[in-house]
Amino acid sequence: MTLSGFGGVLRAVGGGGAVVWAEHREAFQVDHFRIPPDGQWQPRGDVAAICGPKSSPVTAQAISSDPVLMFEPDDAGRWTIRERDGSRVYESPMDDPTAPRWADVAYVGRLALKEQTIFIVAGVHALGSVGAIDYLARNLPDLYAHVGTHRFSMVIRSEHDGDTVTRSELACPPRIHDQT
């Protein structure tokens, strides 16, 4: 997968269930970084993180700046992604108390974090992040053609057979933040 449309080549950094990619323009280089169990970490430069707001207050802080979407627990304590205008709620089918199934939703966005940019992939559950990466792997050129280098957010819905993604699609199309 080529990630050149997101401002350079990305360096993968991962550990403990969370992955971070730090941007490099010179060459593709892989480093490992373990986000500590308390989720406190300081991004060095522009990064991409596969880590949700439940696991990291740093990710939660970045997502809280999103003018379009929120990713927080509902009144019952289930994590959901909601449109700030109240028009839609994106819930994980895995959390359906009557008929849970192998499907999930994920938040994807490019946001500001202090003077840096953070690209976040955050499923309600880990499976949602896998589905979002599947979607990005197949649709990154189209996404870049739509959002360019603007800040944006969107929601991906995915279905799974165990760990295998059988379908991934937009649930909420990309919304460019400075145009909302």
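As shown above, the structure is provided for reference.
It should be emphasised that the depicted structure is a prediction, and the values quoted were computed from it without experimental measurement.

> Please explain helix α2 (residues 126–147) as it appears in this structure.
Given a rise of 1.5 Å per residue, 22 residues ought to cover 32 Å, yet the end C-alpha atoms of α2 are separated by just 25 Å, more than 12% below that figure. Of all the bends in α2, the largest measures some 75 degrees and sits at asparagine 139, one to four residues before the proline proline 141. Where α2 is concerned, the buried positions are Leu127, Gly128, Ser129, Gly131, Ala132, Tyr135, Leu136, Asn139, Leu140, Leu143 and Val147. Those residues of α2 that are buried lie in contact with β3 (47–50), β7 (103–113), β8 (116–123), β9 (152–161) and β10 (164–176). Of the residues flanking the end of α2, it is glycine 148, one or two places downstream, whose phi is positive at about 55 degrees.

> Looking at this model, I keep getting lost on the pairing of β7. Mind explaining?
As a general feature of sheets, a regular strand has side chains that alternate between the two faces. Across the 11 residues that make up β7, a large majority, 10, are buried. For β7 and β9, the ladder comprises 8 bridges, and the chain directions are antiparallel. Counterpart to aspartate 104 in the pairing with β9 is serine 158. With 8 bridges joining them, β7 and β8 adopt antiparallel strand pairing. Within β8, the residue paired with glycine 109 across the bridge is isoleucine 120. Linking two consecutive strands that pair antiparallel, namely β7 and β8, is a turn of 2 residues; a positive phi of about 60 degrees is found at lysine 114 within it.

> I'm lost on the sheet that holds strand β5 (residues 79–83) in this one. Help?
What holds strands together in a sheet is hydrogen bonding between their backbones, with the strands either parallel or antiparallel. With respect to topology, 3 strands assemble into an open sheet ordered β4-β5-β6, the strand pairing being antiparallel. Two strands bound the open sheet, and with one partner strand each, they are β4 (69–73) and β6 (89–90). By the bridge criterion, 5 bridges tie β4 to β5 in an arrangement that is antiparallel. Each bridged residue has a counterpart across the sheet, and for glutamate 72 the counterpart in β5 is threonine 80.

> Can you help me understand the packing of aromatic side chains in this one?
One pair of aromatic rings is described through two measures. These are the centre distance and the angle between the planes. Here the structure, examined in full by the defined rule, presents 3 aromatic pairs. Taken together, the ring pairs connect Phe71, Trp79 and Tyr107 into an aromatic cluster.

> Just to check I follow, could you spell out the nonpolar core for this structure?
As a rule of thumb, soluble globular proteins bury nonpolar side chains together. By size, the foremost hydrophobic cluster in this structure holds 25 residues, and its most contacted members are Ile81 and Ile118. Breaking this core down by element, the ones donating at least two residues are β3, α1 (57–64), β4, β5, β7, β8 and β10. With 4 residues, the single largest contributor to this core is β7. Setting aside residues up to four positions removed in sequence, isoleucine 118 forms contacts with Trp41, Val47, Ala49, Ala62, Gly109, Arg110, Leu111 and Leu113. Val108, Val121, Val147 and Ile176 belong to the second-largest nonpolar core, a separate cluster that totals 16 residues.

> Teacher, can you tell me more about unusual backbone geometry here?
Of note in this structure, lysine 114 is not a glycine but carries a positive phi near 60 degrees. Mapped onto the elements, lysine 114 comes out in the loop between β7 and β8. Look at lysine 114 and you get exposed, because its relative accessible area is 55%.

> Can you help me understand the pattern of salt bridges in this one?
Side chains that differ in sign of charge can pair as their charged atoms come close. In total, this model carries 6 salt bridges according to the counting rule given. Arginine 157 serves as the salt-bridge partner of glutamate 169, at 3.0 Å between the closest nitrogen and oxygen. Linking glutamate 169 in strand β10 with arginine 157 in strand β9, this pair joins segments that are 12 residues apart in sequence.

Rules used throughout
- Residues numbered from 1 in each chain as written.
- Predicted model: local features only at pLDDT ≥ 70, side-chain atom pairs only at ≥ 80, totals over all residues.
- Heavy atoms only, no water.
- Helix = DSSP H or I, 4+ residues; strand = E, 2+ residues; numbered from the N terminus.
- Expected span 1.5 Å × (residues − 1).
- Bend = angle between axes of the 7 residues up to and from the residue.
- Buried < 20%, exposed > 50% of the residue type's maximum accessible area, 1.4 Å probe, protein only.
- Contact = heavy atoms within 4.5 Å.
- Pairing = 2+ DSSP bridges.
- Phe/Tyr/Trp six-rings, centres within 6.5 Å; stacked < 30°, edge-to-face > 60°.
- Core = buried A, V, L, I, M, F, W, Y, C linked by side-chain atoms within 4.5 Å.
- Salt bridge = Lys/Arg side-chain N within 4 Å of Asp/Glu carboxyl O.

Keep in mind these numbers describe shape, not what the thing actually does.
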